[in-house]
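# Close look at the chain arrangement
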Protein chains: 2
Amino acid sequence: MSLATSAPDAIDRATCAALDAADPLARFRERFALPEGVVYLDGNSLGALPRATPEHLQRVITEEWGTGLIRSWNDAGWFDKPTALGDRIAPLVGAAPGEVVLGDSTSASLFQVVTAAARLRPGRRAIVSERANFPTDLYVLESVQELLGEPGRPLERRLIDDDGPTLDEVLDDDVAVVVLTHVNYRTGRMFDLAEVTRRVHEAGALMVWDLCHSVGAVPVELNAAGADFAIGCTYKYLNGGPGSPSFIWAAARHHGVARPPLTGWHGHARPFDFTVGYEPADGITRFRVGTPQLLAVAGLEASLDLWAEVDLAELREKSLRLTELFICLVDTRLAEWGIEVVTPRQSAQRGSQVALRAGGGARVGGGALRPGDGALTPGDGYALMQALIERGVIGDFRAPDLMRFGFAPLYVTHTDVWDAVAALEDLLRSGSWREPRFARRGAVT
Amino acid sequence: MSLATSAPDAIDRATCAALDAADPLARFRERFALPEGVVYLDGNSLGALPRATPEHLQRVITEEWGTGLIRSWNDAGWFDKPTALGDRIAPLVGAAPGEVVLGDSTSASLFQVVTAAARLRPGRRAIVSERANFPTDLYVLESVQELLGEPGRPLERRLIDDDGPTLDEVLDDDVAVVVLTHVNYRTGRMFDLAEVTRRVHEAGALMVWDLCHSVGAVPVELNAAGADFAIGCTYKYLNGGPGSPSFIWAAARHHGVARPPLTGWHGHARPFDFTVGYEPADGITRFRVGTPQLLAVAGLEASLDLWAEVDLAELREKSLRLTELFICLVDTRLAEWGIEVVTPRQSAQRGSQVALRAGGGARVGGGALRPGDGALTPGDGYALMQALIERGVIGDFRAPDLMRFGFAPLYVTHTDVWDAVAALEDLLRSGSWREPRFARRGAVT
């Protein structure tokens, strides 16, 4: 059943149940331990718990750590986990075996690859990113600019913006590296990875992709695009557990020459020779830093077992069906309250999440809402989201004005989408979200 | 019972059992899930599993992650865990609340503090360390030297060495930072933390301590010594689990001015404002980087519950009793095989581990051993250690020549020490360690 050929008002909960029944990924839902009564639309921030994870962790803790003790570094393959799991992430991002390795946090990994990339373009003094990028990316760039610049003369940072300048306007032969997030953390807008990479290369610069909101959400083809470096997050769509390790990808052509700045002993050519001088390992291993946090790694390992069974084309189809359904239902049922869809409607420009803004639309058939009419304002999104969460529909709010809803295709159903919009509609109708307990106090990722 | 007043040949297994019976820390042994038949003397590399840890992890995984989902960032206090657990590590290193925070790997954390420290001494162009330092420390320094130096002119590195130069010989007014490991990873030799700090400060430099082999092993008094920065490891004596997160300490006087290079969003003053520009948080929080690996953090949390009950004076007393007993038994029972104690015999210069070298001693009463007599050579330590491990006595080997034995006072008994030496003596007597299966193939930390 195609949504595009259904009249909007022909969609009801039974339609959604029928879509669920026909869903080729439906079998994955029961592989997750989602709490009863919850519609979980925040897997773009923290992925749900795979049912197999607790037992796997228990085995790693009691057998590998408790009984194996230090011997597990060899016997349980601990030392090689970062590259072994990297090889299992590789097919999810269009990378080859030996090109992906686990890192620490995504911030530290971004520092690792951006510094290495900029060092491959000595003499070029600008780094390009986007004003709307996830802030940690911009903060990390500030540090790289200073460290790779000369005293009192940091590298230059140029930020593209929807209001200008554009990428083409900032690219020139002084640009060393372009660092962009493939799918925007707030709006879900997706760059054309291949096309952007092509234009960056035309300018002679290197392309670093942040895949935090892409991996496990949309197909990514790093090698096909000829990109240079990438990092990504495993605790969102990949369900590795809270704070599970980042990953780093480097195109094989850069392995022999890249010089990452975090020169820990796990990236050394012969770590157990305990030499005084640093000599980077061959291959992607040189991006390793120190001892990996193995309990967090074990969480990721359990979820990658599950990902090995996923067909990424089916994943993308379902993702688009879910986000399109959500957009369609918001348009038809919530527009009268002034709820606006911020995420691009063209599927090629959309990741697996949708952002809404309160107060951005017009009351259908009723003229524009004005403050004083009880009209919504953008900041009301915060209280609306808290009220939604209290009703068991979990998304999140991103300051200053966005309600985010993530649609992890492995466990979100079409019925979940229906129920989420219905809950939001009910809140808007009753006005119960205006109760003081939903007012702003703080927020987290 | 004092070992010092016992004639060496008065010590037998019953003596050790009596020491165990009188041990005020004996109650902690049953709090660890050590495998049957194992004498675990490698807690200086990977600490043993506390019995309470699996259940704690299970609760974090199923309740906080599985049920709480994204809400646990607030409701379970996830966001503040790095500082909350830092406050629980603080008393173990003589630090104040608000001065300690969890990091990523110790390598990344050392990069974080050494760069911050060197930036506090602009104009000074040398960093001092020790040739015998753990290699990752030296590798990290190489990177800092390059990043903080000028193009083609890295900062200078000066390495002290037992064979010279001494610390006093390398200290002058060009030294920005001194980076030393308090207890040496190979020999267990311990620096006088207060005295070294004092001399470094006299030269106008800042003092960074690596406490990987100190915390949970020996008393550390960072503030009393007036030190500047420190990092440490939680997966050795603190039993946080394989690869559990490092910690960072910075003296409060540096908090407002330190500029760490890993500028991730968790170190930002207002991370959830998602601003474009980096502004470091107040206090130790500015040393945070990205999202903490919370399953690894949970492992550490469980073990810190246990550490809250430990009297550090009792810990040190037992540690010295264990290492002294081991040294004494090696001297009296293994010297004839040419097994030499490398670790300092003066207790003030010894951490909680002892290193032995094969082939370094003389046969008691039998003249020096010569190759060809079946005499041991230093490299034989590798096979000896493998044979010991097969018998259930777990230490490790550090290239090129040291057998390391760690004595974690919370779970190692005096009887363990006896049994370890007895097993080594038996191996030496039988020569079974020369079987080919024990020959070198690789090693791990």
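Note that this is a predicted model, so its numbers are computed, not measured.

### Describing the overall build of chain A
On a plain count of helices and strands, chain A comes out with 14 helices and 13 strands. A globule of 445 residues ought to have a C-alpha radius of gyration of about 22 Å, and chain A, at 23 Å, matches this closely. Looking at chain A residue by residue over its 445 residues, the buried ones come to 56%. Restricting to contacts in chain A with at least 6 residues of sequence separation, those with at least 24 account for 71%.

### Quick look at the interface of chain B and chain A
Facing 74 residues of chain B, the contacting portion of chain A comprises 74 residues. Among the elements of the structure, helix 2 (53-68), helix 3 (72-75), helix 5 (106-119), helix 6 (135-148), helix 11 (294-307) and strand 12 (396-398) of chain B are those that each provide at least two residues to the side of chain B that touches chain A. Ranked by the residues each element gives to the side of chain B that touches chain A, the list is headed by helix 2 of chain B, at nine residues. Broken down by class, the residue content of the side of chain B that touches chain A amounts to 41 nonpolar, 25 polar and eight charged.

### Thoughts on the relation of the copies chain B and chain A
Structural alignment of chain B on chain A gives an RMSD of 0.0 Å, achieved by rotating through 180° and translating 0.0 Å along the axis. Look at the turn and shift together and you get a two-fold axis relating the two. Both copies present the same face, since 100% of the interface residues in chain B are matched by interface residues at the equivalent positions in chain A.

### Here we look at the domain arrangement of chain A
Residue and element names in this part refer to chain A. Domain assignment breaks chain A into domain 1 (3-49 + 311-438) and domain 2 (77-307). Its C-alpha centre places domain 1 at a distance of 31 Å from the equivalent point of domain 2. Residue-level contacts link 24 residues of domain 1 with 18 residues of domain 2. The residue makeup of the side of domain 1 that touches domain 2, split by class, is nine nonpolar, 10 polar and five charged.

### A short note on the pairing of strand 3 (residues 126-130) of chain A
Residue and element names in this part refer to chain A. Buried residues dominate strand 3, accounting for five of its five residues. What you see with strand 3 is no split at all: Ala126, Val128 and Glu130 on one side and Ile127 and Ser129 on the other are buried throughout. Bridging between strand 3 and strand 4 (residues 156-160) involves five bridges; their strand directions are parallel. Bridge pairing in strand 4 links Ser129 to Leu159. For the crossover from strand 3 across helix 6 (residues 135-148) to strand 4, the handedness is right-handed. In this structure, strand 3 lies alongside strand 5 (residues 175-181), joined through three bridges in parallel fashion. Residue pairing across strands places Val128 opposite Val178, the latter belonging to strand 5.

### Things to note about the environment of B:Val177
Residue and element names in this part refer to chain B. Note on placement: Val177 falls in strand 5 (residues 175-181). Residue classification places Val177 among the buried positions, given that 28 C-beta atoms sit within 10 Å. Along the sequence, Val177 and Leu120 sit 57 residues apart, while their C-alpha atoms lie 9.2 Å from each other. Residues within four places of Val177 in sequence aside, it is in contact with Val114, Ala117, Ala118, Arg121, Ile127, Ala205, Leu206 and Val208.

### Quick notes on the confidence of the model for chain A
All names here are of chain A. When pLDDT is averaged across chain A, the result is 94; 93% of the residues are at 70 or more. Within the model, the stretch residues 361-367 combines pLDDT values under 50 with 14 contacts to residues more than four positions away or in other chains. For this predicted complex, the interface confidence comes out at an ipTM of 0.95, alongside a pTM of 0.95.

### Considerations on the nonpolar core
Ranked by size, the top nonpolar core spans 290 residues in total, and within it A:Val114, A:Val208, B:Val114 and B:Val208 carry the most contacts. With sequence-adjacent residues up to four places away left out, A:Val208 is seen in contact with A:Val113, A:Val114, A:Ala117, A:Val177, A:Val178, A:Val179, A:Asp228, A:Phe229 and A:Ala230.

### Quick look at the packing of helix 1 (residues 13-21) of chain B against helix 14 (residues 414-430) of chain B
Residues and elements named next belong to chain B. With their axes 7 Å apart at the nearest point, helix 1 and helix 14 run at an angle of 155° to one another. Between helix 1 and helix 14, the angle falls in the class roughly antiparallel. In this structure, helix 1 uses Arg13, Cys16, Ala17, Leu19 and Asp20 to contact helix 14, whose residues at the interface are His414, Thr415, Val417 and Trp418.

### Regarding the pairing of strand 10 (residues 353-358) of chain A
Residue and element names in this part refer to chain A. Across the six residues of strand 10, six count as buried, placing the element largely inside the fold. Residues of strand 10 alternate between two faces, with Gln353, Ala355 and Arg357 on one and Val354, Leu356 and Ala358 on the opposite face, all of them buried. Sheet analysis places strand 10 next to strand 13 (residues 402-406), joined by five bridges and oriented antiparallel. What sits directly across from Gln353, in strand 13, is Gly406.

### Some words on the packing of helix 11 (residues 294-307) of chain A against helix 11 of chain B
Running from N to C, helix 11 of chain A and helix 11 of chain B cross one another at 135°; their axes reach a closest spacing of 6 Å. When the axis of helix 11 of chain A is compared with that of helix 11 of chain B, the two are oblique. Two packed elements cross with a definite hand, and for helix 11 of chain A against helix 11 of chain B that hand is right-handed. Across from A:Leu295, A:Ala296 and A:Gly299 in helix 11 of chain A, the residues of helix 11 of chain B making contact are B:Leu295, B:Ala296 and B:Gly299. In terms of residue class, the contact of helix 11 of chain A with helix 11 of chain B is made up of four nonpolar, two polar and no charged.

### With respect to the environment of A:Arg153
All names here are of chain A. Looking at where Arg153 falls in the secondary structure, it is placed in the loop between helix 6 and strand 4. The class for Arg153 is exposed, based on 10 C-beta atoms found within 10 Å. Separated by 70 residues in the primary sequence, Arg153 and Asn223 have C-alpha atoms spaced 35 Å apart.

### Here we look at the sheet that holds strand 5 of chain A
All names here are of chain A. Read across the sheet, seven strands follow the order 2-8-7-6-5-3-4 without closing on themselves; strand pairing throughout is mixed. Two strands bound the open sheet, and with one partner strand each, they are strand 2 (100-102) and strand 4. If you compare each strand with its neighbour and ignore which way they point, the axes differ by 20° on average. Docked against the sheet, helix 6 engages strand 3, strand 4, strand 5 and strand 6 (206-210), running at close to 175° with respect to strand 3.

### Some words on the sheet that holds strand 9 (residues 339-341) of chain A
Strand pairing in a sheet takes place through backbone hydrogen bonds and is either antiparallel or parallel in direction. Residues and elements named next belong to chain A. Read from one edge of the open sheet, four strands run 9-10-13-12, paired in antiparallel fashion. What marks the edges here is a single partner per strand, and that holds for strand 9 and strand 12 (396-398). Going across the sheet, the axis of each strand differs from the next one's by a mean of 35°, ignoring polarity.

### Let's talk about the environment of A:Gly240
Residues and elements named next belong to chain A. Checked against the element boundaries, Gly240 lands in the loop between strand 7 (229-232) and strand 8 (247-250). In the structure, Gly240 is positioned 64 residues away from Leu304 in sequence and 7.9 Å away in space, judged by C-alpha atoms. Discounting residues that sit within four places of it in the chain, Gly240 has contacts with Thr234, Tyr235, Gly299, Leu300 and Ser303.

### Quick word on helix 5 (residues 106-119) of chain A
Owing to its 3.6 residues per turn, the α-helix aligns residues three or four sequence positions apart on the same side. Between its first and last C-alpha atoms helix 5 of chain A spans 20 Å; for 14 residues at 1.5 Å apiece the expected length is 20 Å, and the two agree. In terms of residue burial, helix 5 of chain A counts as a mostly covered element, since 13 of its 14 residues are buried.

### Some remarks on unusual backbone geometry
That bond from A:Gly164 to A:Pro165 is cis: its omega, 0°, falls within 30 degrees of zero. Tracing the backbone through its elements, the reader meets A:Pro165 in the loop between strand 4 and helix 7 (167-170). At A:Phe274, a position not held by glycine, the phi torsion is positive, near 50°. Owing to 20 C-beta atoms within 10 Å, A:Phe274 belongs among the buried residues under this scheme. With phi around 60°, B:Asn239 is a residue other than glycine that occupies positive phi space. With respect to the element layout, B:Asn239 can be found in the loop between strand 7 (229-232) and strand 8 (247-250).

Definitions and cut-offs
Each chain carries its own residue numbering, running from 1 in the written order of its sequence. For naming, the first written chain is A and the first written ligand is 1, with later ones following in the order written. This being a predicted model, a pLDDT of at least 70 is required before a residue's local features are given, and a value of 80 or more before pairs of side-chain atoms are given or counted; all residues contribute to the totals for chains, interfaces and linings. Helix and strand definitions here come from DSSP, where helices need a minimum of 4 consecutive H or I residues and strands a minimum of 2 consecutive E residues; each element is numbered from the N-terminal end. Our radius of gyration looks at C-alpha atoms and nothing else; its globule reference is 2.2 Å times the residue count to the power 0.38. In this scheme every C-beta is placed from the backbone, and a residue whose C-beta has 20 or more other C-beta atoms within 10 Å is buried, one with 12 or fewer is exposed, and one in between is partly exposed. Any pair of residues counts as being in contact when their C-beta atoms, constructed from backbone geometry, are within 7 Å of one another. Gly counts as polar in this scheme, as do all residues outside two lists: the nonpolar Ala, Val, Leu, Ile, Met, Phe, Trp, Tyr, Cys and Pro, and the charged Asp, Glu, Lys and Arg. The superposition of copies rests on a least-squares fit of C-alpha positions from residues with pLDDT of 70 or more in both. The split of the chain into domains comes from an automatic or database domain assignment. By the convention used here, strands pair only if DSSP detects at least 2 bridges between them. Seen with its strands pointing away from the viewer, a crossover is right-handed when the path leading from the first strand over the helix to the second is clockwise. Here pLDDT means the predictor's own confidence in every residue, given as a number from 0 to 100. The term nonpolar core refers to a set of buried Ala, Val, Leu, Ile, Met, Phe, Trp, Tyr and Cys residues connected through C-beta atoms within 7 Å. Where helices are involved, their axes are fitted lines through C-alpha atoms of the stretch in contact, as for all axes, and angles between N-to-C directions lie from 0 to 180°. Relative orientations are named as follows: roughly parallel for angles under 35 degrees, roughly antiparallel for angles over 145 degrees, roughly perpendicular for angles from 65 to 115 degrees, and oblique for any other angle. Crossing handedness is defined as follows: a turn of the near helix away from the far one that is anticlockwise and smaller than a right angle gives a left-handed crossing, while the clockwise case is right-handed. Working rule for helices: expected span equals 1.5 Å times residues minus one.

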